[in-house]
Amino acid sequence: MIQVGYYPGCALHGTAAEFDESLRAVCQALDIALAELADWNCCGASSAHFLDDQLAVELAERNLQLAVQAGPELLAPCAACFHRLKTAQKHRPGYEVVIWHVNEFFAHPDRLAELRRRVQRPLRGLAVVPYYGCLTQRQPKITDAPQPEWPTSMDALLETLGVQVRRWSYKTDCCGGSLEVARPDLVQHLCTRLVRAAQEAGADCIVTACPMCQANLDISQAMGSPMAEKTALSPPREGDKGEGVNFPLSLAGEDGPRSRPAEGGSSPLSPPRERDKGEGAISPLPPAGEGGLRSRPGEGGTLNGHLPVFYITELMALALGVGRPARWWRRHMVDPRPLLERKGLPTE
Amino acid sequence: MASSFPAVLAQGALQAAVENRGLQAVRRCYQCRKCTNGCPLTFAMDLRPHQVVRALQLGMDQEVLSAKTIWVCAACQTCSTRCPNDIDIAHLMDLLRQESLGRVVPPAEPEVVLFHRAFLGSVRRHGRVFELGMLVRYKLAALWAKVRNGPQSLKELTGRLWQDARLGWAMFRRGRLRLWPNRIRSKEHVRRMGRAPTGPLCSGRSSGGPTSPNLSVPPFDNQTAEAPTPEAPTADPPGQTGGPQR
């Protein structure tokens with residue numbers, strides 16, 4: 001039995017309670033005692049560093065003080081919290097505590113071996129893509145990630161659970177993060193791209209360890225089409241489906257950095273707005289059976305071509321046979337139960 | 001857009017301000033565009049990330065501060081990770097956002113500012129974020145800003161409300177929204193942190209208000225005389241510039 005300090009963060013006490021519950025269940029099964037920091041406060045997430053640098057460091061620093069009292073190791077499962085705590089640690093040296101994120105924590109050789117030994121129900125047949133997101137990896141100066149562009153810790157965990165890990169190149173692409181509230185149209189665009197890439201890789205579901213990624217991917221699919229229709233920058237164009245990255249071609253050549261003299265008062269650095277609108281075309285996810293994707297009409301069932309988005313700890317708990325997964329599935333926007341049933345996995 | 005506001009800055013003042021806050025590296029940029037090529041949000045930007053750095057070097061402060069770019073940046077850190085000159089562009093965006101709020105430049109994306117203010121207001125009030133309360137406050141502020149902004153069709157406004165209500169209900173039904181805040185004991189400690197008041201959202205309602213400026217700790221890092229000046233306006237204008245004025 002080892003003891004580790006635990007900083008859940010606001011999300012795990014609110015919108016991502018299933019992450020918290022499944023993590024606790026997994027830790028209990030692996031003989032890891034989580035000591036939640038007493039009276040921890042919000043780390044500031046993206047808002048604090050957007051508006052006030054000093055606040056961003058001070059909010060996280062108070063938690064570091066608490067963590068040092070709690071022990072030599074701290075587990076911060078939320079990617080944003082992890083990033084803020086690491087940032088504060090780099091800015092204010094002297095806090096001797098090892099800050100872990102979930103993936104790296106469980107992918108540690110000792111714990112991985114323990115996990116392998118205790119897996120009761122390998123999740124065979126489930127094809128997944130691991131989605132690491134931004135803040136557990138970048139920038140490596142802050143996160144100390146060994147391979148920020150091609151992380152493999154979650155891959156190792158998933159393989160241990162017996163799932164089929166599909167290769168895709170969107171492991172660390174951004175989901176839009178906190179823009180979800182103020183500019184859901186942008187998040188919709190980024191998440192649509194991710195979900196399509198996952199479908200093209202032949203995945204049944206996406207696995208993540210970040211509450212913000214999970215919420216963005218889950219909500220953007222569930223609220224998908226109507227939201228995209230109403231908030232799209234411009235209507236989707238013909239032939240725009242399934243293209244994946246829809247990047248402006250002219251970016252490489254035309255509106256160069258070489259500053260031309262200003263003409264007619266307009267900034268030489270401002271590219272024409274017209275074009276931006278055209279390129280920003282946001283197309284909603286095509287309904288199952290349409291478009292050039294693997295929409296798997298026969299298999300889709302009630303999933304309607306959408307992919308459930310799991311927390312890594314939920315799949316770990318499922319393979320270990322611990323916790324109360326039925327409570328977690330109920331909280332997902334894209335209901336994972338039809339998928340689990342199809343794969344012969346228990347949903348209760 | 002930029003031309004409609006009087007120039008409020010001397011040429012190059014912004015670069016100096018940024019360098020004073022620890023980002024001397026902006027000088028090193030040689031426009032390789034690695035930041036722009038990795039950026040997931042260029043489709044929504046007016047200036048591309050490499051253009052922001054260049055504009056900064058050229059002293060085009062007004063263009064930089066009134067660009068959408070600094071507000072639609074999602075802080076994914078890809079640019080900072082890949083820059084061959086080790087320029088922390090993501091942090092540069094943070095500094096530019098803060099500088100823009102400190103000066104008389106209306107933010108190009110007022111809703112993003114309102115959201116972050118609502119978030120920090122919630123943190124100051126409870127010590128942790130209370131999502132439901134934060135979202136309601138943000139939505140009201142954004143709606144009010146929209147209404148004050150000029151004529152809006154009733155259909156568009158009700159459409160937005162309906163959409164929010166639909167999402168809110170879907171999340172509530174699944175138990176993803178707490179109904180009560182989760183308060184910490186040392187709220188006072190948290191309220192004393194930082195240097196900027198949290199803005200209009202909180203100042204109007206919470207009894208304690210945003211931290212009184214007197215309590216705020218001296219400026220971050222060793223800023224020179226340059227930095228505190230933009231702070232004075234921070235106390236009020238962002239409140240007004242948060243959208244309604246545009």
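Rules used throughout
Residues numbered from 1 in each chain as written. Chains lettered and ligands numbered in written order. Predicted model: local features only at pLDDT ≥ 70, side-chain atom pairs only at ≥ 80, totals over all residues. Heavy atoms only, no water. Contact = heavy atoms within 4.5 Å. Buried area = accessible area lost by both parts, 1.4 Å probe. Salt bridge = Lys/Arg side-chain N within 4 Å of Asp/Glu carboxyl O. Nonpolar A, V, L, I, M, F, W, Y, C, P; charged D, E, K, R; others polar. Helix = DSSP H or I, 4+ residues; strand = E, 2+ residues; numbered from the N terminus. Polar contact = N/O pair within 3.5 Å; in protein donor to acceptor, adjacent residues only side chain to side chain. Buried < 20%, exposed > 50% of the residue type's maximum accessible area, 1.4 Å probe, protein only. pLDDT = per-residue confidence, 0-100.

**Focus: the interface of chain B and chain A**
Step number 1: Every contact between the two is made by 84 residues of chain B and, on the other side, 78 residues of chain A.
Step number 2: Together chain B and chain A conceal approximately 7,100 Å² of surface at their shared face, both sides included; 58% is due to carbon and sulfur atoms.
Step number 3: Connecting chain B to chain A are five salt bridges.
Step number 4: Taken together, the residues of the side of chain B that touches chain A sort by class into 39 nonpolar, 20 polar and 25 charged.

**Observations concerning the environment of B:Lys139**
Step number 1: Relative to the helices and strands, B:Lys139 resides in helix α9 (residues 131-149).
Step number 2: Counting along the chain gives 25 residues from B:Lys139 to B:Asp164, while the straight-line C-alpha distance between them is 8.6 Å.
Step number 3: When neighbours within four sequence positions are excluded, B:Lys139 is seen to be in contact with A:Val181 and B:Asp164.
Step number 4: Polar contacts involving the side chain of B:Lys139 include one to the side chain of B:Asp164, which spans 3.2 Å.

**A few points about the pattern of salt bridges**
Step number 1: Inspection of the entire model under this criterion finds 27 salt bridges over all chains.
Step number 2: Of the charged contacts in the structure, one is a salt bridge between A:Arg24 and A:Asp20, with a shortest N-O distance of 3.2 Å. With A:Arg24 and A:Asp20 both in helix α2 (residues 17-29), this residue pair falls four residues apart, about one helical turn.
Step number 3: By relative accessible area, which is 32% here, A:Arg24 ends up partly exposed.
Step number 4: On the accessibility criterion, A:Asp20 (9% relative accessible area) is buried.
Step number 5: In this structure, B:Glu111 and B:Arg160 form a salt bridge, with 3.3 Å as the shortest nitrogen-oxygen distance. Taken as a pair, B:Glu111 in helix α8 (residues 110-126) and B:Arg160 in helix α10 (residues 154-173) lie far apart in primary sequence, 49 residues in all.

**Here's the deal with the confidence of the model for chain B**
Step number 1: Mean pLDDT over chain B stands at 78; residues scoring 70 or higher make up 75%.
Step number 2: The least confident element of chain B is helix α12 (residues 200-203) of chain B, whose mean pLDDT is 35; the most confident is helix α2 (residues 34-38) of chain B, at 97.

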